[in-house]
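So the chains spell out like this:
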Amino acid sequence: MKNSWKRALSVLSLLLLAGMLTACGGDSSGAAGGSAGAKEASGGGIQAIKDRGKLIVGVFSDKPPFGFTDELGNFIGFDNDLAKRFAKDLLGDETKIEFVTVEPASRIPYLQSGKVDLIVANMTVTDERAEQVDFTNPTMKVATQVLVADNSGIQTLDDLKGKKIIVTKGTTADIFLTENRPDIELVKYDKNTESLQALKDGRGDGYAQDNFILIGWAKDNPGFHLIEEKLEKEAPIAPAVQKGNTELRDWVNTELENLGKEQFLLQLYNKYVKDELGPDTDPNEVITEGGKL
């Protein structure tokens, strides 16, 4: 009898253990499913965003006049205000937005990992990037140039040979110079503010970046000038979504077209960019109203 009870208890113990393992397996599966669900929610389509009740957007916090913060820590600027308008028109309230600060090199990984729905962070459209994310229609167009000190003696791109040129990691300037100018020593920083401070401190002979960023900075920091030659031909800047998220991409394209009817990008240009570039700059040389080049 005792042996029978022992055998029964052993069977019962095994069954309980199996049940516990199954339950643990179920929890693990549920956690994975929850993680995947979160990824879908933060990198998902229109309904996923509406169900969540907020739009999650990757933006810059240190790149005036396009993406920066005010003295109270509020996200403002050309790109950030555009993102707020997206939230307003999609969810009925511009405050239904979560800003996630990105650096140039983290923009694509944040989209790919589903940490954000959308990147609105001054990203230039390139063939290489278009293989990794889906770009919407453009909001601006830009060329890459090099800013140098007036006393540097540098006047042309050829003069950069053997020089130390500062770049911000992950920018088009970084990618272009890495691939095409092995005769230049690149000094790389994570943040735009770090790169500009390095230039000011003389830790490099020049800084390569989007030209209207450099124009605005040089205006407030006398003693620097742009090399007239451009590193690359003019290229569009556009928001980006996770690869394959055609629903959100198409929504943004339609939104940009509708905003063009009220010249919303021109309003943002006048608010944030006009004073930086000066009154002689034609806004049509910078913005692409309605998403049209």
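Structure's up top.
Residues numbered from 1 in each chain as written. Predicted model: local features only at pLDDT ≥ 70, side-chain atom pairs only at ≥ 80, totals over all residues. Heavy atoms only, no water.

Student: Outline the overall build of the chain, listing residues and values.
Tutor: When you go through the chain residue by residue, the secondary structure sums to ten helices and 15 strands. With 293 residues in all, the chain has 47% of them scored as buried. A fraction of 71% describes how many contacts in the chain between residues 6 or more apart in sequence connect residues 24 or more apart. (Helix = DSSP H or I, 4+ residues; strand = E, 2+ residues; numbered from the N terminus. Buried < 20%, exposed > 50% of the residue type's maximum accessible area, 1.4 Å probe, protein only. Contact = heavy atoms within 4.5 Å.)

Student: Break down the pattern of salt bridges for me, with residues and values.
Tutor: Inspection of every chain in the model, using the stated rule, returns 14 salt bridges. Its salt-bridge partner being Asp210, residue Lys63 comes within 3.7 Å of it at the nearest N-O pair. Here Asp210 lies in strand S12 (residues 206-210) and Lys63 lies in strand S2 (residues 62-63), a separation of 147 residues in the sequence. Accessibility expressed as a relative area gives 4% for Lys63, which makes it buried. (Salt bridge = Lys/Arg side-chain N within 4 Å of Asp/Glu carboxyl O.)

Student: Help me get a handle on the nonpolar core, residues and values and all.
Tutor: Among the nonpolar cores identified, the biggest contains 39 residues, and Leu55, Phe78, Leu82, Phe86, Met140 and Phe212 are the most heavily contacted of them. Not counting residues within four places of it along the chain, the set of residues in contact with Leu55 comprises Ile49, Ala83, Phe86, Ala87, Leu90, Leu91, Lys96, Ile97, Glu98 and Asp117. (Core = buried A, V, L, I, M, F, W, Y, C linked by side-chain atoms within 4.5 Å.)

Student: Outline the environment of Glu234, listing residues and values.
Tutor: By the element assignment, Glu234 lies in the loop between strand S13 (224-226) and strand S14 (235-237). Residues Glu234 and Val142 lie 92 residues apart in sequence; the distance between their C-alpha atoms is 5.4 Å. Ignoring sequence-local partners within four residues, the contact set of Glu234 consists of Lys141, Val142, Ala143 and Glu285.

Student: For the sheet that holds S2, give the residues involved together with the corresponding values.
Tutor: Strand order in this open sheet of three strands is S2-S3-S4, and the pairing throughout is antiparallel. Where the open sheet ends on each side, the last strands, each with one partner, are S2 and strand S4 (75-76). Pairing of strand S3 (residues 67-69) with S4, which is carried by two bridges, proceeds in the antiparallel orientation. The residue of S4 that forms the bridge with Phe68 is Ile76. (Pairing = 2+ DSSP bridges.)

Student: Describe a negative patch on the surface, naming the residues involved and giving the relevant values.
Tutor: Taken together, the side chains of Asp127, Glu128, Glu131, Glu179 and Glu232 present a region of like negative charge at the surface. Among the structural elements, Glu179 can be located in helix H6 (residues 172-180). (Patch = residues over 30% accessible without salt bridge, like charges linked within 9 Å, V, L, I, M, F, W, Y side chains within 5 Å. Areas by Shrake-Rupley, 256 points an atom, 1.4 Å probe, with all protein chains shown as cover. Lys, Arg positive; Asp, Glu negative; His and termini not counted. Charge placed at Lys NZ, Arg CZ, Asp CG, Glu CD.)

Student: I'd like to hear about the packing of helix H3 (residues 78-91) against helix H9 (residues 246-261), residue by residue, with values.
Tutor: Pairs of packed helices are described in terms of their axes, by the angle between the two and the distance that separates them. At their nearest, the axes of H3 and H9 sit 11 Å apart, and the two run at 105 degrees to each other. Taken as axis vectors, H3 and H9 run roughly perpendicular relative to one another. Contact residues: Leu82, Arg85, Phe86, Asp89 and Leu90 in H3; Trp251, Val252, Glu255, Leu256 and Leu259 in H9. Broken down by class, the residue content of the contact of H3 with H9 amounts to seven nonpolar, no polar and three charged. (Axes fitted to C-alpha atoms, helices over the stretch in contact; angles between N-to-C directions. Parallel < 35°, antiparallel > 145°, perpendicular 65-115°, else oblique. Nonpolar A, V, L, I, M, F, W, Y, C, P; charged D, E, K, R; others polar.)

Student: Which residues make up the side chain of Thr171, and what values go with them?
Tutor: Looking at the secondary structure, you find Thr171 in the loop between strand S10 (164-168) and H6. Residue class for Thr171 comes out buried when judged on its relative accessible area of 5%. Beyond its immediate sequence surroundings of up to four residues, Thr171 is in contact with Pro104, Arg107, Arg129 and Gln209.

Student: I'd like a description of the environment of Phe60, backed by residues and values.
Tutor: Here Phe60 is to be found in the loop between strand S1 (55-59) and S2. Each C-alpha atom of the pair Phe60 and Val102 lies 5.7 Å from the other, and the pair is 42 residues apart in sequence. Among residues more than four places away in sequence, those in contact with Phe60 are Gly67, Phe68, Phe75, Asn80, Val102, Glu103, Pro104, Arg107, Ala121 and Asn122.

Student: Provide a residue-level description of the packing of aromatic side chains, including the pertinent values.
Tutor: Summed over the entire model, instances satisfying the criterion amount to six aromatic pairs. With a centroid separation of 6.2 Å and an interplanar angle of 90 degrees, the aromatic rings of Phe68 and Tyr272 are classed as edge-to-face. Taken as a pair, Phe68 in strand S3 and Tyr272 in helix H10 (residues 264-277) lie far apart in primary sequence, 204 residues in all. The exposure class of Phe68 is buried, given its relative accessible area of 19%. Residue classification places Tyr272 among the buried residues on the basis of a relative accessible area of 12%. By the ring-pair criterion, three or more aromatic residues cluster together here, those being Phe66, Phe78 and Phe212. When the ring centre of Tyr110 is taken as origin, the NZ or CZ atom of Lys115, which lies over that ring, is 4.6 Å away. (Phe/Tyr/Trp six-rings, centres within 6.5 Å; stacked < 30°, edge-to-face > 60°. Lys NZ or Arg CZ within 6 Å of the ring centre and 35° of its normal.)

Student: Outline the sheet that holds strand S5 (residues 97-101), supporting the account with residue identities and numerical values.
Tutor: With respect to topology, five strands assemble into an open sheet ordered S5-S1-S6-S15-S7, the strand pairing being mixed. Taken across any chain shown, the strands that pair with only one partner, and hence form the sheet edges, are S5 and strand S7 (133-135). Pairing between S7 and strand S15 (residues 240-242): three bridges, direction antiparallel. Counterpart to Val133 in the pairing with S15 is Gln242.

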